[in-house]
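# Geometric and topological summary
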Amino acid sequence: MKKFRLVIAEDHAVLRDGLRSMLSTIEDIEVVAEACNGLEAIRCVETLVPDLLLLDISMPLLSGLSVVSDVKSRYPEVKIILLTVHESEEYLRETMTKGVEGFCLKKADFSELAEAITTVLKGATYISPLLQLEPGMTGSRPAADSDSVPATSWQLLTQREKDVLKLVGEGYRNKEIGALLYISPKTVEKHRSNLMKKLDLHNASALTTYAIKQGLVIPKA
């Protein structure tokens, strides 16, 4: 029997190990690689071109959305299921417009994840039934700093600006960000300047606060 080749991209080792163990019980699935950050996820896809990428939306270095954009532009045949803790309809809309085939909440049980994988591999789209939210539960993304950033400002950011915002929030300097994104430090500085203008935020600390509230960065304990 031909097995579908799957890559797991999840930054938490315990969750990654648990996913691999559970997926090993599905006969026609073979986990061929694992990634602990967004850059590794892209490299795994480049090397293996799997049938399915199981991808955490909140990844270090490059966000899940950035991985989706890169993979779908170069390997449209690779199907993607996003795993996330976010229940916002805005997240759902943004990911589905990028070509993602599946969207599953991390709080779902394994039977639902197995159903999502089976559905997507058959060529259909899967959206977690847990996303049938009650009125008032969706809301908009929280603003940063003093709640002064309009919700619409998020839509004004380019994907590259979101990548830079995430890395700024994780504490990387311009030179390091440039090396990770393969752009010059001068270009990074321009993106930072654009971020501050669009969001009306004026320092790295405010950008970091906004990145955390947007779910791009997990705050340090």
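Just above, that's the structure.
Values in this document were obtained by computation on a predicted structure and should not be read as measured data. (Residues numbered from 1 in each chain as written. Predicted model: local features only at pLDDT ≥ 70, side-chain atom pairs only at ≥ 80, totals over all residues. Heavy atoms only, no water.)

On to the sheet that holds strand S2 (residues 29-35), then. Taken in spatial order, the six strands of this open sheet run S2-S1-S3-S4-S5-S6, and their pairing is parallel. Every other strand in the sheet has two partners, leaving S2 and strand S6 (126-127) as the edge strands with one partner each. The strands touched by helix H1 (residues 13-23) are strand S1 (4-9), S2, strand S3 (52-56) and strand S4 (79-84); relative to S2, the strand with the most contacts, the crossing angle is about 170°. Across the sheet, helix H3 (residues 64-74) touches S3 and S4, and the angle it forms with S3 is around 160°. (Pairing = 2+ DSSP bridges. Helix = DSSP H or I, 4+ residues; strand = E, 2+ residues; numbered from the N terminus. Contact = heavy atoms within 4.5 Å. Axes fitted to C-alpha atoms, helices over the stretch in contact; angles between N-to-C directions.)

Ranked by internal contacts, the top residues of the largest apolar core, which has 46 residues, are Leu53, Leu55, Val71, Ile80, Leu82 and Leu165. If you tally residues by element for this core, the top one is helix H2 (residues 38-48), at five residues. Excluding residues within four positions of it along the chain, Ile80 makes contact with Leu52, Leu53, Leu55, Val68, Val71, Lys72, Val100, Glu101 and Gly102. (Core = buried A, V, L, I, M, F, W, Y, C linked by side-chain atoms within 4.5 Å. Buried < 20%, exposed > 50% of the residue type's maximum accessible area, 1.4 Å probe, protein only.)

Okay, the pairing of S1 next. Relative to S2, S1 runs parallel, the two being bridged by six bridges. Bridge pairing in S2 links Arg5 to Glu30. With H1 bridging S1 and the parallel S2, this β-α-β connection has right-handed handedness. Pairing of S1 with S3 involves four bridges; the strand directions are parallel. (Right-handed = clockwise from strand over helix to strand, strands pointing away.)

Relative orientation of the contacting elements helix H7 (residues 159-169) and helix H8 (residues 174-181) amounts to 130°, with a least axis distance of 10 Å. Here H7 lies oblique to H8, going by the angle between them. The element H7 and its partner H8 pack so that their crossing is right-handed. On H8, the residues touching Arg160, Asp163, Val164, Leu167 and Val168 of H7 are Ile177, Leu180 and Leu181. Classifying every residue of the contact of H7 with H8 gives six nonpolar, no polar and two charged. (Parallel < 35°, antiparallel > 145°, perpendicular 65-115°, else oblique. Left-handed = near helix turned anticlockwise from the far one by under 90°. Nonpolar A, V, L, I, M, F, W, Y, C, P; charged D, E, K, R; others polar.)

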